[in-house]
Amino acid sequence: METVLGIDTGGTYTDAVLLDKKTNTVLKKAKSPTTRGDLALGIAKSIDGLGLDDTAAIEKVVLSTTLATNAIVEGEGRATGLIIIGELPKGELPDNAMARVQGKINIKGKEVTPLDMAEVAAACAQIAPGVEAFAVAGMMSTRNASQELAVKAFISETYKLPVVCSHELSSQLGFHDRTVTAVLNASLIPILREFIDGVKRTLTAKGIAAPVYMVKGDGNLASLSFILEKPIESILSGPAASIIGALSLAKCSDGIVVDMGGTTTDSGVVLDNTLTLAPIGAKVGDWQTQIDSAQINTYGLGGDTQILAVDGAPRLTGHRVLPACRGGKDGVTPTDILHCTGDFEAWDKALAEAALQAQTTQTVSDYAEKIQAMLLGTIKTEVLEQYDSHLPVVAIGAPARAWYEKIAETTDYQVIVPEHHEVANAVGAAMASVEERVTALVRPDEENDGYVAHIGGLCKSFSDKDEAVAFASEEAKKQSIAAAKAQGLKEASAQVFAEDIVEKIGWRTRYIETKIKAVAKATTLKLKMQDN
């Protein structure tokens, strides 16, 4: 038996499962309200709900959380200083204070304008008193990271504050989005550090000494030390975990996965056990990042979504409120409707009926049926109609059975609501595995009649293309295996893929570049990751 404790901290509930990973069997499960002021408290209560007999038997703990996503959406990241090397990116940035210093790397990875470290020191001295972290970004740092690294070394030694370089998070050229990614990441470091410290204290108090991991937005696992350096990798970890858990529980390889939580409904498609990544990286709130994540569609409909009467008709506001049946005073919610229709009664039905009656002159039963029809119509048009109707709908989340069994009754969709659907996110967290990807690039160097290999901010010249590709491929392989082992794998192997990009000019072709990708993992994953 390989026993894994999976914990998902959602907007409304914190779920915990004890999973036998070898047989994919849920041994125990529990739910507890999420404690937004201190998430570790909700985690502790969910663990207590499992009634664990032998904590020493737990071999691994895996977390998924909305903490990073919510911090970005709600603008609660910690104050971050940004040092721009050379030209400014075009577009708004999420920094609290920014300074620009001279320096320039060209597209070939050659230094054109050197850094002036006295200028760097003056810029940092002006910013440092008002921030908790730093980000450093230069336009061509992905081709040569030496200037970013020099600034990082100065900040780390002088101020002892967290500092992140843009090239450490993305190998893509898009300067604005890469800079946004770096700033957001830096702003999350103090927040995730506090969360992880709280989780560690909680697990120690419970006698759980197993290694702890977190699900990344692409569905793969990361060690806590990795997350402390790159917390932005954990954005959308909850939806990614839900897809993994849903497909496992439903025992199918294709489907529309719909996760109805307390605040939103998240949905995505899995085909042939393949989780598709967002084509240009995760978008969170108003910010486009360059972080790999599952391609997720989100709609503001959950069990606690506010419903108000507008000109006599019920309307969803998209805001999360306390249901009337639990003492809420801000309208009604889908949870209240289920109490009024008799489909679900965990709290006070009379309070729910009173809240409905306050919105209408109709009878409570007629108005409840009207709202129910509105909600089912919304699920069909806003959530499901964007997908292939021939695919089965795998519905998970606490309210899923009540609403999606009605969808099955009133539409032609094939609906699967698997056992343990209410804790599918925690199941997915427990099932996630480690996979590390490293990319590299080889491009012509016309100036020196040769080729340049770029990988992880390293720039190396060659006279022969095959030598350059061989070097970049081997380096990518080494780095991906090292990264996988750093995530806790004792043994890892990597596959390397190389693709030549050429341009047709009449009857001739011109070589543009070679894209190289190395993928390291321990064994074949239950869910493969499809790159775009």
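Each value, and the rule that gives it
Residues numbered from 1 in each chain as written. Predicted model: local features only at pLDDT ≥ 70, side-chain atom pairs only at ≥ 80, totals over all residues. Heavy atoms only, no water. Helix = DSSP H or I, 4+ residues; strand = E, 2+ residues; numbered from the N terminus. Buried < 20%, exposed > 50% of the residue type's maximum accessible area, 1.4 Å probe, protein only. Contact = heavy atoms within 4.5 Å. Lys, Arg positive; Asp, Glu negative; His and termini not counted. Charge placed at Lys NZ, Arg CZ, Asp CG, Glu CD. Core = buried A, V, L, I, M, F, W, Y, C linked by side-chain atoms within 4.5 Å. Phe/Tyr/Trp six-rings, centres within 6.5 Å; stacked < 30°, edge-to-face > 60°. Lys NZ or Arg CZ within 6 Å of the ring centre and 35° of its normal. Axes fitted to C-alpha atoms, helices over the stretch in contact; angles between N-to-C directions. Parallel < 35°, antiparallel > 145°, perpendicular 65-115°, else oblique. Nonpolar A, V, L, I, M, F, W, Y, C, P; charged D, E, K, R; others polar. Pairing = 2+ DSSP bridges. Expected span 1.5 Å × (residues − 1). Arc of directions from axis to C-beta. Polar contact = N/O pair within 3.5 Å; in protein donor to acceptor, adjacent residues only side chain to side chain. Salt bridge = Lys/Arg side-chain N within 4 Å of Asp/Glu carboxyl O. Left-handed = near helix turned anticlockwise from the far one by under 90°.

Novice: Describe the overall build of the protein chain, and please don't skip the residues or the numbers.
Specialist: Within the protein chain, the regular secondary structure consists of 13 helices and 28 strands. For the protein chain, the spread of C-alpha atoms along the three principal axes comes to 80 × 60 × 50 Å. Scored against the burial criterion, the 532 residues of the protein chain give a buried share of 54%. Restricting to contacts in the protein chain with at least 6 residues of sequence separation, those with at least 24 account for 64%. Taking the average place of the 51 positive charges on the side chains of the protein chain and the average place of its 68 negative ones, the gap between the two points comes to 3 Å.

Novice: Which residues make up the nonpolar core, and what values do they have?
Specialist: If you look at the biggest cluster of nonpolar residues, it comprises 52 residues, and the most contacted ones within it are Leu-5, Val-61, Leu-192 and Phe-195. Per element, the largest residue contribution to this core is 13 residues, and it comes from helix H5 (residues 175-205). One finds Ile-243, Ile-244, Ala-250 and Ile-396 within the second-largest nonpolar core, a separate group that totals 39 residues.

Novice: Residues and numbers for the packing of aromatic side chains, please.
Specialist: Enumeration according to the criterion identifies five aromatic pairs in this entry. Aromatic side chains Tyr-451 and Tyr-511 sit 6.1 Å apart centroid to centroid with 65 degrees between the ring planes, which places their arrangement in the edge-to-face category. Placement of Tyr-451 in strand E24 (residues 450-455) and of Tyr-511 in strand E27 (residues 508-521) is noted, with a sequence separation of 60 residues between them. What makes Tyr-451 partly exposed here is its relative accessible area of 23%. Assessed through its relative accessible area of 18%, Tyr-511 is described here as buried. Ring-pair connections join several aromatic residues into one group, and the members of that group are Phe-134, Phe-154 and Tyr-159. Positioned above the aromatic ring of Tyr-213, the side-chain terminus of Lys-60 is 5.7 Å from the ring centre.

Novice: Pulling in residues and values, what's your account of the packing of helix H7 (residues 237-250) against helix H12 (residues 424-431)?
Specialist: The interhelical angle for the contact between H7 and H12, taken along N-to-C directions, is 90 degrees, at an axis separation of 6 Å. Taken as axis vectors, H7 and H12 run roughly perpendicular relative to one another. Judged by residue contacts, Gly-238, Ala-241, Ser-242, Ile-244, Gly-245, Ala-246, Ser-248 and Leu-249 of H7 engage Ala-424, Asn-425, Val-427, Gly-428, Ala-429 and Met-431 from H12. Class assignment for the residues of the contact of H7 with H12 results in eight nonpolar, six polar and no charged.

Novice: Please set out the pairing of strand E20 (residues 313-320) residue by residue, giving values where relevant.
Specialist: Sheet topology note: the strand E19 (residues 305-310)/E20 ladder contains five bridges and is antiparallel. Bridged to Val-310 within E20 is Ala-313. Adjacent in sequence and paired antiparallel, E19 and E20 are bridged by two residues, among which Asp-311 carries a positive phi angle near 55 degrees.

Novice: Mind laying out H7, listing which residues take part and the relevant values?
Specialist: Taking 1.5 Å per residue, 14 residues should reach 20 Å; H7 reaches 20 Å between its end C-alpha atoms and fits that length. Across the 14 residues of H7, 14 count as buried, placing the element largely inside the fold. Lys-251 sits one or two residues past H7 and shows a positive phi near 55 degrees.

Novice: Explain helix H3 (residues 117-127) residue by residue, including any values.
Specialist: Of the residues making up H3, those classed as buried are Val-120, Ala-123, Cys-124 and Ile-127. Taken around the axis of H3, the buried residues stretch over an arc of 95 degrees, which confines them to a single face. Turned more than 90 degrees away from the buried face of H3 sit Ala-118 and Gln-126, all of them exposed. Turning to H3, the residues buried within the fold contact strand E5 (80-85), strand E6 (97-101), strand E9 (133-138) and helix H4 (146-159). At the N-terminal end of H3, a side-chain oxygen is found 3.0 Å from the backbone nitrogen of Ala-118, two or three residues along, and the residue is Asp-116.

Novice: Which residues make up the pattern of salt bridges, and what are the values?
Specialist: Side-chain pairs of opposite charge can arise where the charged atoms are in close proximity. Per the stated rule, a full pass over the model turns up 19 salt bridges. Between Lys-406 and Asp-343 there is a salt bridge whose closest N-O contact spans 3.1 Å. Taken as a pair, Lys-406 in helix H11 (residues 400-410) and Asp-343 in the loop between helix H8 (334-341) and helix H9 (349-357) lie far apart in primary sequence, 63 residues in all. The class of Lys-406 is buried, set by a relative accessible area of 14%.

Novice: Tell me about the sheet that holds E24, and please be specific about residues and values.
Specialist: Taken in spatial order, the five strands line up as E25-E24-E23-E27-E26 in an open sheet, and their pairing is antiparallel. The open sheet is flanked by strand E25 (458-462) and strand E26 (493-505), the only strands paired with a single partner. Adjacent strand axes in the sheet meet at a mean angle of 20 degrees, parallel and antiparallel pairs treated alike. Where E26 lies against E27, 13 bridges are found, and the strand directions are antiparallel. Within the sheet, the bridge partner assigned to Gln-495 lies in E27 and is Val-519. This element, helix H13 (residues 465-486), spans strand E23 (435-445), E24, E25, E26 and E27 of the sheet and lies at about 20 degrees to E27.

Novice: Describe the sheet that holds strand E11 (residues 212-215), listing the residues and the values that go with them.
Specialist: With mixed pairing, six strands are arranged side by side in an open sheet as E3-E2-E1-E4-E11-E12. Whereas interior strands pair on both sides, the edge strands pair on one side only; in this sheet they are strand E3 (25-33) and strand E12 (221-223). Along the sheet, successive strands turn relative to each other by an average axial angle of 25 degrees, direction set aside. Judged from the eight bridges that link them, strand E2 (residues 13-20) and E3 form a sheet pairing that is antiparallel. Pairing of Thr-14 across the sheet is with Ser-32, part of E3. Packed on one face of the sheet, H7 meets strand E1 (3-9), strand E4 (60-65) and E11 and runs near 120 degrees to E4.

Novice: Would you mind going over the packing of H8 against helix H10 (residues 364-384) in detail, with residue names and values included?
Specialist: One can describe the packing of H8 onto H10 by two numbers: an axis separation of 10 Å at closest approach and a directional angle of 130 degrees. Considering the angle they form, H8 stands oblique to H10. In the packing of H8 onto H10, the handedness of the crossing is left-handed. Of the residues in H10, those touching H8 at Pro-334, Ile-337, Cys-340 and Thr-341 are Val-364, Ala-368, Ile-371, Gln-372 and Leu-375. In terms of residue class, the contact of H8 with H10 is built from seven nonpolar, two polar and no charged.

Read these as geometric descriptors, not functional statements.
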